[in-house]
Amino acid sequence: MTQDELKQLVARAAIDYVETDTVIGVGTGSTANYFIDALADIKHRINGTVASSEASAQRLKKHGIPVLDLNSAGDISVYIDGADEADRHLRLTKGGGGALTREKIVAAASAKFVCIADSSKLVDVLGKFPLPIEVIPIARSYVARQVVKLGGNPVWRENFVTDNGNVILDVHNLTITDPRELEANLNNIAGVVTNGLFALRPADILLLGSEDGVKTLNR
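Remember, it's a predicted structure, so these values are computed and weren't measured experimentally.

## With respect to the side chain of Lys121
- For Lys121, the position within the fold is in the loop between strand 6 (113-118) and strand 7 (131-135).
- At 3.4 Å, the side chain of Lys121 and the backbone oxygen of Ala83 are in polar contact.
- Sequence-distant contacts of Lys121, that is, excluding residues within four places in its chain, are made with Gln3, Ala83, Asp84, Glu85 and Ala86.

## Concerning the sheet that holds strand 3 (residues 76-81)
- One open sheet holds the 6 strands; their spatial order is 2-1-3-6-12-13, and the pairing between them is mixed. Looking at the sheet topology across the chains shown, the edges are occupied by strand 2 (48-51) and strand 13 (213-218). Ignoring which end each strand starts from, the neighbouring axes of this sheet average 20° apart.
- In this structure, strand 1 (residues 23-26) lies alongside strand 2, joined through 4 bridges in parallel fashion. Considered in strand 2, the bridge of Val26 is made with Ala51.

## Considerations on a negative patch on the surface
- A cluster of like negative charges, contributed by Asp4, Glu5, Glu211 and Asp212, occupies part of the molecular surface.
- One can find Glu211 in the loop between strand 12 (205-210) and strand 13.

## A look at the pattern of salt bridges
- Tallying each qualifying case throughout the model produces 11 salt bridges.
- Taking the shortest distance from any N to any O, the salt bridge between Asp81 and Lys94 comes out at 2.7 Å. With Asp81 in strand 3 and Lys94 in the loop between strand 5 (92-93) and helix 5 (100-108), this pair connects stretches of sequence that are 13 residues apart. For the residue pair Asp81 and Lys94, the accessibility class agrees, reading buried in each case.
- For the salt bridge of Asp124 with Arg88, the shortest nitrogen-to-oxygen distance reads 3.9 Å. One end of the pair, Asp124, is in the loop between strand 6 and strand 7; the other, Arg88, is in the loop between strand 4 (85-86) and strand 5, with 36 residues separating them in the sequence.
- Relative accessible area serves as the criterion here: at 67%, Asp124 is assigned to the exposed category.

## Some remarks on the nonpolar core
- Counting 24 residues, the largest nonpolar core has Val18, Ile24, Phe35, Leu39, Ile80 and Ile116 as the members making the most contacts within it.
- Broken down by secondary-structure element, the contributors of at least two residues to this core are helix 1 (3-13), strand 1, helix 2 (30-39), helix 3 (54-62), strand 3, strand 6 and strand 12.
- At 4 residues, the largest contribution of residues to this core is made by helix 2.
- Ignoring anything within four residues of it in the chain, the contact list for Ile116 reads Val10, Ala11, Ala14, Thr31, Phe35, Ile80, Asp81, Gly82, Ala83 and Leu207.
- In this structure, Ala73, Ile76, Phe198 and Leu217 belong to the second largest nonpolar core, which totals 20 residues.

## Describing the environment of Ala117
- Examined against the element boundaries, Ala117 turns out to sit in strand 6.
- Once the C-alpha coordinates of Ala117 and Thr2 are considered, the two residues, 115 residues apart in sequence, prove to be 13 Å apart.
- Not counting residues within four places of it along the chain, the set of residues in contact with Ala117 comprises Val10, Leu207, Leu208 and Gly209.

## Some remarks on the pairing of strand 6
- In terms of residue burial, strand 6 counts as a mostly covered element, since 6 of its 6 residues are buried.
- Residue alternation in strand 6 divides its side chains into two sets, Phe113, Cys115 and Ala117 and Val114, Ile116 and Asp118, and both sets are buried.
- Sheet topology note: the strand 3/strand 6 ladder contains 3 bridges and is parallel. Bridging from a neighbouring strand, Asp81 pairs with Cys115 of strand 6.
- Where strand 6 and strand 12 come together, 5 bridges link them in parallel fashion. Considered in strand 12, the bridge of Ala117 is made with Leu208.

Rules and cut-offs
- Residues numbered from 1 in each chain as written.
- Predicted model: local features only at pLDDT ≥ 70, side-chain atom pairs only at ≥ 80, totals over all residues.
- Heavy atoms only, no water.
- Helix = DSSP H or I, 4+ residues; strand = E, 2+ residues; numbered from the N terminus.
- Polar contact = N/O pair within 3.5 Å; in protein donor to acceptor, adjacent residues only side chain to side chain.
- Contact = heavy atoms within 4.5 Å.
- Pairing = 2+ DSSP bridges.
- Axes fitted to C-alpha atoms, helices over the stretch in contact; angles between N-to-C directions.
- Patch = residues over 30% accessible without salt bridge, like charges linked within 9 Å, V, L, I, M, F, W, Y side chains within 5 Å.
- Areas by Shrake-Rupley, 256 points an atom, 1.4 Å probe, with all protein chains shown as cover.
- Salt bridge = Lys/Arg side-chain N within 4 Å of Asp/Glu carboxyl O.
- Lys, Arg positive; Asp, Glu negative; His and termini not counted.
- Charge placed at Lys NZ, Arg CZ, Asp CG, Glu CD.
- Buried < 20%, exposed > 50% of the residue type's maximum accessible area, 1.4 Å probe, protein only.
- Core = buried A, V, L, I, M, F, W, Y, C linked by side-chain atoms within 4.5 Å.

Dropping the structure here:
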């Protein structure tokens, strides 16, 4: 199976976690897009969605799926999103698409977080994929200098602006042995909005698409 076929497989499997007559959170990225496409078939069963990016909101709307503002959505039963990396403790690296802040907010507001990915995203130690950090523009150089002190090599994602009007630093050369500590330390740097580590609030369930079908990992 191709990587896209594995993504489609796991996206369809995530439909089983959609609860009838609830609002669900929907993530951003290629795997989340496959989930949105699958969700269109059962859109009559849900009360609406909260999207973690403008791109996902537009895709949902094209399918005729209601998109709600988080401030008025009420309880969110489940958040379904992909990941750039995941470890066996269901700690994640996210933000390759630049939507990490809204992804983290919607995940935090949801009763359950189901991560969907192809099996290539499962790693023993996070850090091979560059870690995104969303930064207030005026603080970009300052934050980069602080990240260097932590052992990372930050690269400004040029010509990219987040949905929140901020910039992204992609941090290379990190071996993340303590994701919770690093997530907290990075978030404490003045000017950082948030970073792409989902360790303080990891996924509850990880669905991995593989040649043998969908494997389920629970936290």
